[in-house]
Amino acid sequence: MNLAGVVTSGLGGGAAGTTSNESRSLSSSLDEVLGKDAFLKLLTTQLRYQDPTNPVDDRDLLAQMAQFSALEQMHNLTLTIERFLQANEKSALLAQAVALLGRTVEVAGASGETYIGRVDAVRMVDGVPRLVVGGTLFEPGDVFHILSDAGA
């Protein structure tokens, strides 16, 4: 029994002529099928039910283990990159918020009203920077006009 054959038969055929929703569904199916836990289950099942008169070739087993190792490394790299991007996004928001300290800005309120005031402080709320304008918290993205420079 070949591992590629198990994966292919588990997917139920090709993806030709699929719509974008079907493609997303197929993509999520592939992620589930090709996850590291599923890979190990397939490998152990393959070894458990192999034909004793025709065992798995050592080279095939090594190739599959190399695939598993590459899969695990890609997964770990993806997690590292995601964490890095999240940290950089928060740093960029904080830098943007700090750059507005002391400036007079025009900000949009939650119900559509606009406020004009000086950015008195920056507070972190749940790990996200908020501007304090006239005692009210706003997100840096709520600023749509900077009226004066700091100290002016």
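Nothing here was measured: the structure is a model prediction, and the numbers come from that model. (Residues numbered from 1 in each chain as written. Predicted model: local features only at pLDDT ≥ 70, side-chain atom pairs only at ≥ 80, totals over all residues. Heavy atoms only, no water.)

What follows deals with the pattern of salt bridges. Taken as a whole and judged by the stated rule, the model has two salt bridges. Across the pair Asp120 and Arg118 runs a salt bridge, and its minimum N-O distance is 3.2 Å. Owing to a relative accessible area of 49%, Arg118 belongs among the partly exposed residues under this scheme. One salt bridge in this structure joins Glu139 and Arg130, with 3.8 Å as the shortest N-O distance. (Salt bridge = Lys/Arg side-chain N within 4 Å of Asp/Glu carboxyl O. Buried < 20%, exposed > 50% of the residue type's maximum accessible area, 1.4 Å probe, protein only.)

Let's shift gears to the packing of aromatic side chains. Given two aromatic rings, one states the distance between the centres and the angle between the planes to describe the pair. Inspection of the entire model under this criterion finds one aromatic pair. Considering the side-chain rings of Tyr115 and Phe138, the 5.5 Å spacing of their centres and the 55° angle between planes classify their relative orientation as tilted. On the criterion of sequence distance, the pair formed by Tyr115 in strand E2 (residues 114–125) and Phe138 in strand E4 (residues 136–138) is long-range, its members being 23 residues apart. Assessed through its relative accessible area of 4%, Phe138 is described here as buried. (Phe/Tyr/Trp six-rings, centres within 6.5 Å; stacked < 30°, edge-to-face > 60°. Helix = DSSP H or I, 4+ residues; strand = E, 2+ residues; numbered from the N terminus.)

With respect to topology, five strands assemble into an open sheet ordered E4-E3-E2-E1-E5, the strand pairing being antiparallel. Each edge of the open sheet carries a strand with a single partner, namely E4 and strand E5 (143–148). Strand-to-strand twist across the sheet, computed as the mean angle between neighbouring axes with direction ignored, equals 45°. As judged from the three bridges shared by strand E3 (residues 128–133) and E4, these two strands associate in the antiparallel manner. Looking at the pairing, Val132 lines up with Leu137 of E4. (Pairing = 2+ DSSP bridges. Axes fitted to C-alpha atoms, helices over the stretch in contact; angles between N-to-C directions.)

What follows covers the side chain of Glu106. Relative to the helices and strands, Glu106 is located in strand E1 (residues 104–108). Buried charge without a salt bridge: Glu106, with Arg103 as the nearest opposite-charge side chain at an N-O distance of 14 Å. Residues contacting Glu106, with those up to four places away along its chain left out, are Thr114, Tyr115, Ile116, Asp142, Val143, Phe144, His145 and Leu147. (Lys, Arg positive; Asp, Glu negative; His and termini not counted. Contact = heavy atoms within 4.5 Å.)

Next up on the list: unusual backbone geometry. Even without being glycine, Asp126 reaches a positive phi, approximately 55°. In this fold, Asp126 is placed in the loop between E2 and E3.

Time to look at the environment of Ala99. By secondary structure assignment, the location of Ala99 is in helix H4 (residues 58–99). Take Ala99: its relative accessible area is 47%, and that puts it in the partly exposed class. In this structure, the C-alpha to C-alpha distance between Ala99 and Val119, residues 20 residues apart in sequence, is 9.8 Å.

A contiguous nonpolar patch, built from Leu77, Ile81, Phe84 and Leu85 and spanning about 410 Å² of accessible area, is present on the exposed surface. Structurally, Leu85 can be placed in helix H4. (Patch = residues over 30% accessible without salt bridge, like charges linked within 9 Å, V, L, I, M, F, W, Y side chains within 5 Å. Areas by Shrake-Rupley, 256 points an atom, 1.4 Å probe, with all protein chains shown as cover.)

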